[in-house]
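Analysis of the macromolecular model
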Amino acid sequence: MPTNGTPKLVLTTRKYTQMARGLADFSPSELRAHRMNVYARSDLKPMTAEELASAAGTTKAQILAYENGHRVPDPPRIQSLAQALRIHPWLLMNPEGRDDWAIADVRRACGLRAEDVVRALGISPKVYRRFETEGIVPSRRPRFLDEAAAVFGITRVLLERAIERTPAVRKRQRRAAQLVQELASRYVSAPGPWQGPALSDPALIELATAYGRPLHRTRRVMTHELGELRQRQVRALRESVIADYDTDRERQANARLALERWTDLYHRDLKRIPWRLEQFHRNAQPSDVWQLLVDLHNVDAVPRHDGLWAVSKLLTEDTDVLPPHLVEQRTIEDVRVCRLTHAGVSHITNFAPLYAALHPVTRKPLRLARVASRKAPLGAPTFVLSSRAERLVVPQPALEALQKTTSTAKAITVELSPRLVLTLWPNSLSAAVSTAPLDVDQLPKQASHFDVRGGDSFPVPDAQ
């Protein structure tokens, strides 16, 4: 073979290898199986290679080359093949390798180029490159993962799993564990009042850089996390003194057990900090959105059989700011309502202290009792629409805002939808909903029920 032809052959082979690897295990057999409808989908008929080629805008020879493994389709061709077969591009990949896919593999498996995602998300290539290679979510895009999952055409859960499998993310978590250990050994046992890590600490600076977050923000988060460890250690030291010097043997034995328990809690929490840092920086919301999540939690708008739905209009005018993985939205008789998802409840439970450290002036989540049949007052009016079983609640901040703008002698009316009007009385938790304009002067100011015209009456809990 001529010498001048060898480099060209090597380059072609290398390019083909990179393309095959880059498409996250494209499966010729899966393409053939879907074309022939091996999986017996009722909405799809078997296609010949020529029919698929016509629908995908290519040739029969190309289709046969893909199915025989002689050629690998590029991302745009993957998209056209999937559209012709009416399936997600994901299904044209080798299913055995999906458990190892990182972000880049998922993108390619969805038939997308990096430039396609950049254009769809409206971000710079640098920001997306950092997300794909390091799993860093831009701090100014709190709904970034939801938007990216929508572009990929997959669920957020699948995308987050891919983030966890990204090599740089795993490396960062291992390094974060080492840095947290260094900070703990340096500051948790330090004498004097608790002040947290110094801004000039190299380990703190490296943590802030690794997660792409401001240094002051990282210091506040780590001050709280290390402060919790310090409390664990203080309790352990107290029990240690009792175990060593108390004259009562029973108290000594109990102290030894308590010492072991507090020591275990210390090491457990120390190991969890890197995970909490990763999850918090990936899912953190702005202070105003966090406040809305807290407001939903405080009126018990949670995914439970006796949970409530909050009226979205009274929670916020811009419901687009509510992250879909944390807040579920739906419509009940023309009224837009919302409540926390299971992920939203977990988010509040896990990260409320970190938000408090970052935003001390925001309202805090209350500890609401989980009773199967709640009869205790919620501090906000609840009501039911027509014969629907779902109970709706007016968020407490919205009620307080309405009371400030209205005389205590007058009722408050709020348009829930073009055909439903809610009437509230400022000095009570009474509420009324009607399908026509109400003459509020003729209604009792301390009413204990509401009436939907043409419907039934339902009791409303009073405040205590």
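Located above this text is the structure these notes cover.
In this report, the structure presented in the accompanying data block is examined. Just so we're clear, the structure is a prediction, and the values are computed from it rather than from any experiment. (Residues numbered from 1 in each chain as written. Predicted model: local features only at pLDDT ≥ 70, side-chain atom pairs only at ≥ 80, totals over all residues. Heavy atoms only, no water.)

1. Considerations on empty space enclosed by the protein
The test is simple: Site definitions follow a grid-based scheme: protein atoms alone, a 1 Å grid, a 1.4 Å probe that fits but cannot get out for cavities, and for pockets an open set with protein on both sides within 12 Å along at least five of seven lines, plus lining residues having an atom within 4 Å of a point. Grid points are joined across faces, edges and corners, and a volume is the space filled by probe spheres set on the points. For the purposes of this entry, the term helix denotes a DSSP run of H or I that reaches at least four residues, the term strand denotes a run of E that reaches at least two, and both are numbered from the N terminus.
Applying the stated rule across the entire model yields one cavity of 30 Å³ or more. The computed volume of the largest cavity comes to approximately 40 Å³. Surrounding the largest cavity, Gly135, Ile136, Val137, Arg172, Tyr211, Arg213, Glu278, His281 and Arg282 form its lining. The element best represented in the lining of the largest cavity is helix α14 (residues 249-283), accounting for three residues.

2. Some details on the packing of aromatic side chains
Basically, it comes down to this: Each pair of aromatic rings taken from Phe, Tyr and Trp, with Trp reduced to its six-membered ring, is defined by centres within 6.5 Å and is described as stacked if the planes are under 30 degrees apart, edge-to-face if over 60, and tilted in the remaining cases. In this scheme, a residue with accessible area under 20% of its type's maximum is buried, one over 50% is exposed, and one in between is partly exposed, where area comes from a 1.4 Å probe on protein chains only.
One pass over the full model with this rule turns up six aromatic pairs. Here the aromatic rings of phenylalanine 280 and tyrosine 355 are separated by 5.3 Å at their centres, their planes lie at 80°, and the arrangement is edge-to-face. Separated by 75 residues along the polypeptide, phenylalanine 280 in helix α14 and tyrosine 355 in helix α17 (residues 342-358) bring together distant segments of the chain. By the burial criterion, phenylalanine 280 is buried, and tyrosine 355 matches it. Aromatic side chains tryptophan 290 and tyrosine 355 sit 3.9 Å apart centroid to centroid with 5° between the ring planes, which places their arrangement in the stacked category. With tryptophan 290 in helix α15 (residues 287-298) and tyrosine 355 in helix α17, this pair connects stretches of sequence that are 65 residues apart. The class of tryptophan 290 is buried, set by a relative accessible area of 1%.

3. A short note on the sheet that holds strand β4 (residues 382-384)
Convention followed: Each pair of strands is called paired provided DSSP finds at least two bridges between the two strands. Interaxial angles span 0 to 180 degrees and are taken between N-to-C directions of axes, which are lines fitted to C-alpha atoms, for helices over the stretch in contact. By definition, residues are in contact when any of their heavy atoms lie within 4.5 Å.
Read from one edge to the other, the open sheet built from five strands follows the order β2-β3-β1-β5-β4, with strand pairing classed as mixed. Because the sheet does not close on itself, it has two edges, and the strands there are β2 (327-332) and β4. For this sheet, the mean angle separating the axes of adjacent strands, direction not counted, is 40°. Its contacts with the sheet put α15 on β1 (309-311), β2 and β3 (335-340), and the angle it makes with β3 is roughly 90°.

4. Quick notes on the pairing of β2
One ladder, built from six bridges, connects β2 with β3; its direction is antiparallel. When the sheet's bridge partners are listed, threonine 331 is paired in β3 with arginine 336. The turn joining β2 and β3, which pair antiparallel and follow one another in sequence, is formed by two residues; a positive phi near 50° is taken by glutamate 333.

5. Details of unusual backbone geometry
Despite not being glycine, asparagine 37 has its phi angle at roughly 55°, a positive value. Its identity as a non-glycine residue notwithstanding, aspartate 334 has a phi of 75°, on the positive side. Its location among the elements puts aspartate 334 in the loop between β2 and β3.

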